[in-house]
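# Results of the structural survey
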Amino acid sequence: MDVFFLGTGAGVPAKLRNVTSIALKLLEERGVVWLFDCGEATQHQILHTSIKPRRIEKIFITHLHGDHIYGLPGLLSSRSFQGGDSLVTVYGPPGIKEYIEVSLKISKSYLKYPIEIIKLEEGIIFEDDQFIVEARLLEHGIPSYGYRIIEKDRPGTLLADKLQAAGVKPGPDYRKIKNGEEVILDNGTVIDPAEFVGPPQKGRIISILGDTRVCQNAQLLAHKADLLVHEATFSAGEESLAHEYFHSSTLQAAETALNADAKKLCLTHISSRYDRNDWQQLEAEAKTIFANTVISEDFMEITVPYDHD
């Protein structure tokens, strides 16, 4: 699970930060990419990366402000010419379906792949045998959602050396044991899978929030997350301004991470009022409350490792 920041700015594109888009790369887990928001020029940002638009499986929109959606019609349209033929599912607040359909219709854009558009409601919005995605409404000027991506626990590692010592040859029997099936060897020895598979690997949790004031749902989504991605549009001391504009400051993001018992915080959605010389100060402000904080930059990648404690 690698979180790749395609755009980390707030409001309007800037020279050093494009507007919001985050790619969750699940290439090892399922061979796909999930996109969170799609601000203007997201597809241009993708051109500078190894991300393939045809691998984008799901797009999660937090809210319908332009800096989070203006790149969506272009990306969807271009994907047809970039080898994309698989289903894309778009999740978003009320109005997302109309926005996509009208944009494609007026521009005479025809997709060569199926698209499914799902209107968000609070709760679990997706679940399969690998992942659960939960959405909750945050506090912003228009409906804005946060997402909690939960990886289900994975089976333990097969203890190959121990199996070979017991006389089990690599092949179909390994697969059966990995799946928890009992195996009987030619000499009559019964192989109990519980003795040859390590403990389950606890799944990881990533929380990606849309624009928001401090609110309870943000903390719930971030509870014990391995990584919390939280907006920090304003610096410390600008909390009143942040509240007025339905945003958060660096300190407020850090407080949410602390109260949620998250493991790592990444600040994003940084206002263009802060130039490169200010960025480390913004990070330092958050670290006074939550030490394991980093500030995002365009094209930065964070790998979320398994907890081996």
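Data block above holds the structure.
Below: a short report on this structure. (Residues numbered from 1 in each chain as written. Predicted model: local features only at pLDDT ≥ 70, side-chain atom pairs only at ≥ 80, totals over all residues. Heavy atoms only, no water.)

## What about the sheet that holds strand S5 (residues 88–92)?
Taken together, the seven strands give an open sheet; going across it, the order is S6-S5-S4-S3-S2-S1-S16, and neighbouring strands pair in mixed fashion. Each edge of the sheet is formed by a strand with only one pairing partner; in this case those strands are strand S6 (115–119) and strand S16 (301–303). Taking each pair of neighbouring strands and ignoring which way they run, the sheet shows an average axis angle of 20 degrees. Sheet topology places strand S4 (residues 56–60) next to S5; three bridges connect them, and they run parallel. Across the sheet, the residue bridging to Lys-58 is Thr-89, located in S5. (Pairing = 2+ DSSP bridges. Helix = DSSP H or I, 4+ residues; strand = E, 2+ residues; numbered from the N terminus. Axes fitted to C-alpha atoms, helices over the stretch in contact; angles between N-to-C directions.)

## Describing the pairing of S6
For S5 and S6, the ladder comprises five bridges, and the chain directions are parallel. The partner of Val-88 across the bridge, within S6, is Ile-115.

## Brief notes about the state of the cysteines
Within this structure, the stated rule accounts for zero disulfides. For Cys-38, which is in no disulfide, the shortest distance to another cysteine sulfur is to Cys-266 and amounts to 19 Å. When its relative accessible area of 0% is taken as the criterion, Cys-38 is described as buried. Of the cysteine sulfurs around Cys-266, a residue in no disulfide, the closest is that of Cys-215, at 19 Å. By relative accessible area, which is 0% here, Cys-266 ends up buried. (Disulfide = S-S within 2.5 Å. Buried < 20%, exposed > 50% of the residue type's maximum accessible area, 1.4 Å probe, protein only.)

## Regarding the pattern of salt bridges
A full pass over the atoms with the stated rule returns 14 salt bridges. A salt bridge links Arg-30 to Asp-128; its shortest N-O distance comes to 2.9 Å. Taken together, the residues span a long stretch of sequence, with Arg-30 in helix H1 (residues 27–30) and Asp-128 in the loop between strand S7 (123–127) and strand S8 (131–137) at a distance of 98 residues. Notably, a salt bridge pairs Arg-204 with Glu-151, separated by 2.9 Å at the nearest N-O pair. Here Arg-204, found in the loop between strand S11 (190–191) and strand S12 (205–209), pairs with Glu-151, found in strand S9 (residues 145–151); they are 53 residues apart in sequence, far enough to count as distant. In this structure Arg-204 comes out as buried when scored by relative accessible area, which is 5%. In this structure Glu-151 comes out as buried when scored by relative accessible area, which is 4%. Here the salt bridges share partners, and the residues they tie into one network are Glu-29, Glu-151, Arg-154 and Arg-204. (Salt bridge = Lys/Arg side-chain N within 4 Å of Asp/Glu carboxyl O.)

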